[in-house]
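Architecture and fold: a report
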Amino acid sequence: MAGRTRTDRWPCPVARTADLLSDQWMIVILRDSAFGIRRFDDFQRSLEVSRSVLTTRLNRLVEDGFLEKVAYQDHPPRHEYVPTEKAEAFWPVLAAMWRYGDEWLFRNGAPVELIDRDTGDQVRAIVVDEATGEPLDPDGIRVRIRRD
């Protein structure tokens with residue numbers, strides 16, 4: 001990714017997150033991981049991505065603490081990529097992206113949807129304020145410099 005502007009040292013959480021997950025493969029690997037995919041061949045089959053691209057992205061996600069590489073077989077050596085707490089904390093971001101994509105990037109909604117395992121009802125994510133439980137409205141929010 002030579003030539004791109006890095007934002008990993010900017011004081012903005014959005015800029016740093018965008019830098020960390022700066023290409024689509026990182027995000028869709030985390031999506032697949034959230035839905036239970038753990039093994040290299042399963043990621044490759046799901047994503048239809050080259051082995052070299054997948055290897056590079058999985059290694060970066062391990063280095064950045066999103067996935068843990070865990071051996072499940074010794075001969076020949078085989079590993080699973082297990083989501084860490086950091087990856088699990090990213091799930092609400094993926095769910096919000098899913099909602100946005102469903103509403104704004106498909107004419108009649110996406111051909112796939114999130115379904116509640118117990119009820120079978122469609123799940124539609126919203127982002128809410130932790131303190132009030134109210135949906136976030138950018139008109140009611142401002143940014144300030146933290147003074148610690």
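These numbers were taken from a predicted model, which means no experiment stands behind them.

Further remarks concern the confidence of the model for the protein chain. Detail in the predicted coordinates should be disregarded across regions flagged by low pLDDT. For the protein chain, the average pLDDT comes to 92, and 98% of its residues sit at 70 or higher. The secondary-structure element of the protein chain with the lowest mean pLDDT is helix H1 (residues 13-20), recorded at 84, while helix H3 (residues 40-47) shows the highest, at 97.

Looking now at helix H4 (residues 51-63). Helix length check: H4, at 13 residues, gives a terminal C-alpha distance of 18 Å against a target of 18 Å (1.5 Å per residue), a fit within 8%. Every buried residue of H4 is accounted for by Leu54, Arg57, Leu58 and Leu61. Along the long axis of H4, the arc covered by the buried residues comes to 100°, so they all point the same way. Facing away from the buried surface of H4 by more than 90 degrees, the exposed residues are Ser52 and Glu63. Buried residues along H4 sit in contact with helix H2 (24-34), H3, strand S1 (67-73) and strand S2 (78-83). Downstream of H4 by one or two residues, Gly65 has phi in the positive range, about 85°.

Looking now at the pairing of S1. By the bridge criterion, six bridges tie S1 to S2 in an arrangement that is antiparallel. For Val70, the partnering residue across the bridge sits in S2 and is Glu80. In sequence, S1 turns back onto S2 through a hairpin of four residues.

Moving on, we get to the packing of aromatic side chains. One pass over the structure, following the stated rule, counts three aromatic pairs. With 5.6 Å between their ring centres and 80° between their planes, Phe35 and Trp91 make a pair best called edge-to-face. Remark: Trp91 occurs in helix H5 (residues 85-104) and Phe35 occurs in the loop between H2 and H3; sequence separation between them is 56 residues. The exposure class assigned to Phe35 is partly exposed, which follows from its relative accessible area of 45%. Taking 6.2 Å as the distance between ring centres and 85° as the angle between the ring planes, the aromatic pair formed by Phe66 and Phe90 counts as edge-to-face. Of the two residues, Phe66 sits in the loop between H4 and S1 while Phe90 sits in helix H5, which places them 24 residues apart along the sequence. Owing to a relative accessible area of 8%, Phe90 belongs among the buried residues under this scheme.

Turning next to the nonpolar core. Among the nonpolar cores identified, the biggest contains 19 residues, and Leu21, Ile29, Leu30, Leu58, Leu61 and Phe66 are the most heavily contacted of them. Looking at this core, the elements with two or more residues in it are H2, H3, H4 and H5. Ranked by residue count, the leading element in this core is H2, at four residues. Aside from chain neighbours lying at most four places away, what touches Leu58 is Ile29, Phe40, Phe43, Leu67 and Tyr81.

Another point: a nonpolar patch on the surface. A surface patch of nonpolar side chains, about 520 Å² in accessible area, is lined by Tyr100, Trp104, Leu105 and Phe106. Locating Phe106 in the fold gives a position in the segment after H5.

Procedures and definitions
- Residues numbered from 1 in each chain as written.
- Predicted model: local features only at pLDDT ≥ 70, side-chain atom pairs only at ≥ 80, totals over all residues.
- Heavy atoms only, no water.
- pLDDT = per-residue confidence, 0-100.
- Helix = DSSP H or I, 4+ residues; strand = E, 2+ residues; numbered from the N terminus.
- Expected span 1.5 Å × (residues − 1).
- Buried < 20%, exposed > 50% of the residue type's maximum accessible area, 1.4 Å probe, protein only.
- Arc of directions from axis to C-beta.
- Contact = heavy atoms within 4.5 Å.
- Pairing = 2+ DSSP bridges.
- Phe/Tyr/Trp six-rings, centres within 6.5 Å; stacked < 30°, edge-to-face > 60°.
- Core = buried A, V, L, I, M, F, W, Y, C linked by side-chain atoms within 4.5 Å.
- Patch = residues over 30% accessible without salt bridge, like charges linked within 9 Å, V, L, I, M, F, W, Y side chains within 5 Å.
- Areas by Shrake-Rupley, 256 points an atom, 1.4 Å probe, with all protein chains shown as cover.
- Salt bridge = Lys/Arg side-chain N within 4 Å of Asp/Glu carboxyl O.

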